[in-house]
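Overview (structure and organization)
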Amino acid sequence: RLRTFFPDVWRVHDGRGSPACYAAMLEEVARRTGRLVAAWQCVGFCHGVLNTDNMSIVGVTIDYGPFGFVDRFDPTYVCNSSDSSGRYDYRSQPVVCEFNVRKLAEAWAPAMGELGGKRGVEAAGLAFRAAYDGEYLRLMRRKMGLLRARGDAQADAADRGLVEALLDAMTMTGADWTNSWRALAQIDAPAAGASTEPSRADVELMLANTCSAATIAEASKPGIPEDKLHYLLAVEQQNPGILQARLGVKPGFLVGELRKHEEYAALKRVTDEQKRAADTVTWTSWLTKYRSRLRDDANAAAADGENCSAGAESFARARRELMLRSNPRLVPRQYVMEECIAQAEKGEYDAVRRLLEKLQRPFDEPTDASGDGAAPAAGACAGGACGRPLSLDALPPAWAATIAVS
């Protein structure tokens, strides 16, 4: 197995299972895992059950039963309805996987001799983090169409900041993960020396993939009803510490839930017009930063002699092609799969076949006027799209929020 899956380690150590060989293998496992998780994060994939036994040492995705792809971006997105604590939510996946790699290092310690123990655990953790950080930035640069990177620490930090600002904008505006990335490829890069202010059309491209004010409000709805929360707070005030002693509920949790109710009430008062105005400000601000970064690339290209119109066109084309290859247009959205299952249960498999066919080429643009519609079975009402073509890349309908996968 070592020779098959880790040929470089095998070759360097002459096929001997020495402590150094196992330590090298562990670090390679850590690196592969780091790169894998970076790829998950960049396409919005959530595994759902990241226990140590649900991960592969060869760096592939396995045991992902209740998986899901992020629709409206939320860093706390949980695809597995049985994960009530959010242990394996989107933002926690890198941390959890590093934890799992460190646990593997503990298990392998006896085989690594003096290279094991705390030393082996730290080495594995550092290898994971370095691989994850490097691959995440590399992939995110591709997704944003950044063709030129200086490669120094300052430039890396600036690009990471641009990514984080984009994720913040997506979170605040309730932007669709997959469609928003795809829309970025349509944003024109400013020429060398041109203004970085986005056009109205640029802003509209991003606004088209944001959700309604009601959707944002509903997504923030607290888990504990307000009347029950006030009852628990009253119990805690009368008998301090009793809820933690008997139920494991800490006072800070209740205070946090109370704050959520206040935020929820405020969000329910926001109209779609008010949200759109705020979203416009948010996207205008981020797009200005993004276009400034794109202009840096254009300036660098001009300095390299690519300032002629043919060179500028080639540069723009290369950027767009890179983005379309790096940002899938189609992912297996939960509501689409739910509709396909409903039809299959009625003995009609056309939608399933169409989905499977399209997902084999997730980066392709539509090739016909009908887009990616897959006609649902007559009367199929898994999500209320009865009698209408099933769109594979549309924003999720309201009923999709009720889907629970476990």
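Sequence positions are assigned chain by chain, starting from 1 and proceeding in written order. With the structure being a predicted model, the display of local features is reserved for residues of pLDDT at least 70 and the display and counting of side-chain atom pairs for 80 or more, all residues being used for whole-chain, interface and lining totals. Neither water nor hydrogens contribute to the side-chain values; these are computed over all heavy atoms in the structure.

Starting at the N terminus, helices and strands are each numbered in turn, a helix being any DSSP run of H or I of at least four residues and a strand any DSSP run of E of at least two. Secondary structure assignment for the protein chain yields 16 helices and two strands. Across its three principal axes, the protein chain shows a C-alpha extent of roughly 75 × 65 × 50 Å. Counting every position in the protein chain, which comprises 406 residues, the buried fraction comes to 44%. Long-range pairs, those at least 24 residues apart, make up 72% of the contacts in the protein chain with a sequence separation of at least 6. Throughout, the Shrake-Rupley method with a 1.4 Å probe supplies accessible areas, and for residues the shown protein chains are the sole cover considered. In the structure as shown, the protein chain presents an accessible area of about 20,700 Å², 54% of it carried by carbon and sulfur atoms. Residues counted as positive are Lys and Arg, residues counted as negative are Asp and Glu, and His and the chain ends are not counted. Charged groups are reduced to one reference atom each: NZ for lysine, CZ for arginine, CG for aspartic acid, CD for glutamic acid. One finds the centroid of the 50 positive side-chain charges in the protein chain at a distance of 3 Å from the centroid of its 53 negative side-chain charges. Between buried and exposed lies partly exposed: a residue is buried under 20% and exposed over 50% of the maximum accessible area for its type, with that area taken using a 1.4 Å probe on protein chains only. A contact between two residues is defined here by any heavy atoms of the two lying within 4.5 Å.

Per-residue confidence for the protein chain gives a mean pLDDT of 90; residues scoring 70 or more make up 93%. Every residue gets a pLDDT, meaning the predictor's confidence in that residue, from 0 to 100. Note that residues 373-386 has pLDDT below 50 and, in this model, 32 contacts with residues that lie over four places away or in other chains.

One less than the number of residues in a helix, times 1.5 Å, gives the span that helix is expected to have. End to end, helix α4 (residues 93-112) covers 27 Å across 20 residues, agreeing with the expected 28 Å (1.5 Å per residue, within 8%). Working definition for bend: take the seven residues up to and ending at a residue and the seven starting at it, fit an axis to each, and measure the angle between the axes. Within α4, the axis deviates most sharply at glutamate 106, by approximately 35°, and proline proline 110 lies no more than four positions further along. Where α4 is concerned, the buried positions are Gln93, Pro94, Val96, Cys97, Glu98, Asn100, Val101, Ala105, Trp108, Ala109 and Met112. Immediately downstream of α4, the backbone of glycine 113 shows phi near 55°, a positive value.

A word on the environment of arginine 246. Relative to the helices and strands, arginine 246 is located in helix α11 (residues 242-247). Each C-alpha atom of the pair arginine 246 and tyrosine 132 lies 40 Å from the other, and the pair is 114 residues apart in sequence.

Once that is clear, we can look at the state of the cysteines. The rule for a disulfide is simple: a pair of cysteine sulfur atoms within 2.5 Å. In total, this model carries zero disulfides according to the counting rule given. Of all cysteine sulfurs, the one in cysteine 46 lies closest to cysteine 42, which takes part in no disulfide; the gap is 13 Å.

This brings us to the packing of helix α6 (residues 153-173) against helix α7 (residues 177-184). Across the interface, α6 lies against α7 with an axial gap of 11 Å and an inter-helix angle of 125°. Relative to α7, the element α6 lies oblique. Considering the relative orientation of α6 and α7, their crossing is right-handed. Here Leu166, Leu167 and Met170 of α6 come into contact with α7, specifically with Trp177, Ser180, Trp181 and Leu184. Polar here means any residue other than Ala, Val, Leu, Ile, Met, Phe, Trp, Tyr, Cys and Pro, which are nonpolar, and Asp, Glu, Lys and Arg, which are charged; Gly is therefore polar. In terms of residue class, the contact of α6 with α7 is built from six nonpolar, one polar and no charged. The axes are straight lines fitted to the C-alpha atoms, using for helices just the contacting stretch, and the angles between their N-to-C directions are given from 0 to 180°. An angle counts as roughly parallel when it lies under 35 degrees, as roughly antiparallel when it exceeds 145, as roughly perpendicular when it falls between 65 and 115, and as oblique in every other case. Definitions for this section: a left-handed crossing has its near helix turned counterclockwise from the far helix by less than a right angle. A right-handed crossing has that turn clockwise.

Within the fold, lysine 275 resides in helix α13 (residues 272-303). A distance of 2.8 Å separates a polar atom in the side chain of lysine 275 from the backbone oxygen of cysteine 211. Beyond its immediate sequence surroundings of up to four residues, lysine 275 is in contact with Thr173, Thr210, Cys211, Ser212, Ala213, Ile216 and Val270. We call two N or O atoms a polar contact when they sit within 3.5 Å, provided that within protein one can donate a hydrogen and the other can accept it, with sequence-adjacent residues counted only if both atoms are side-chain atoms.

What follows concerns a negative patch on the surface. Residues enter patches when their relative accessible area tops 30% and they take part in no salt bridge; the joining distance is 9 Å for like charges and 5 Å for the nonpolar side chains Val, Leu, Ile, Met, Phe, Trp and Tyr. The salt bridge criterion pairs a side-chain nitrogen of Lys or Arg with a carboxyl oxygen of Asp or Glu, the two atoms within 4 Å. A cluster of acidic side chains, namely Glu226, Asp227, Glu262 and Glu263, defines a negative patch on the protein surface. Going through the elements one at a time, α10 (226-238) and α12 (251-268) are the ones with two or more residues in the negative patch. With respect to the helices and strands, glutamate 262 occurs in helix α12. A relative accessible area of 53% means that glutamate 262 is categorised as exposed.

A few words now on the nonpolar core. Within the largest apolar cluster, 67 residues are counted, with the highest numbers of intra-cluster contacts made by Met170, Trp177, Leu184, Trp283, Trp286 and Tyr290. Setting aside chain neighbours within four positions, we find tyrosine 290 in contact with Met144, Leu146, Leu162, Leu184, Ile187, Arg319 and Met323. Side-chain atoms within 4.5 Å are what join buried Ala, Val, Leu, Ile, Met, Phe, Trp, Tyr and Cys residues into a set we call a nonpolar core. Of all hydrophobic cores here, the second largest spans 10 residues; its members include Val336, Ala351, Leu390 and Leu392.

Here α12 spans 26 Å end to end across 18 residues, near enough to the 26 Å set by a 1.5 Å rise per residue. Of all the residues in α12, the buried ones are Leu254, Gly256, Glu257, His261 and Tyr264. One side of α12 carries all its buried residues, which in axial view fall inside an arc of 155°. Turned more than 90 degrees away from the buried face of α12, the exposed residues are Gly252 and Glu262. Lining the buried residues of α12 we find α9 (213-219), α10 and α11. This arc corresponds to the set of directions leading from the helix axis out to the C-beta atoms.

Applying the stated criterion across every chain, the model contains 28 salt bridges. Between glutamate 357 and arginine 361 there is a salt bridge, with the nearest N and O atoms lying 3.8 Å from each other. Of the residues examined, glutamate 357 reaches a relative accessible area of 37% and is grouped as partly exposed. Residues joined in a network through salt bridges with shared partners are Glu27, Glu28, Arg31, Arg32 and Arg35.

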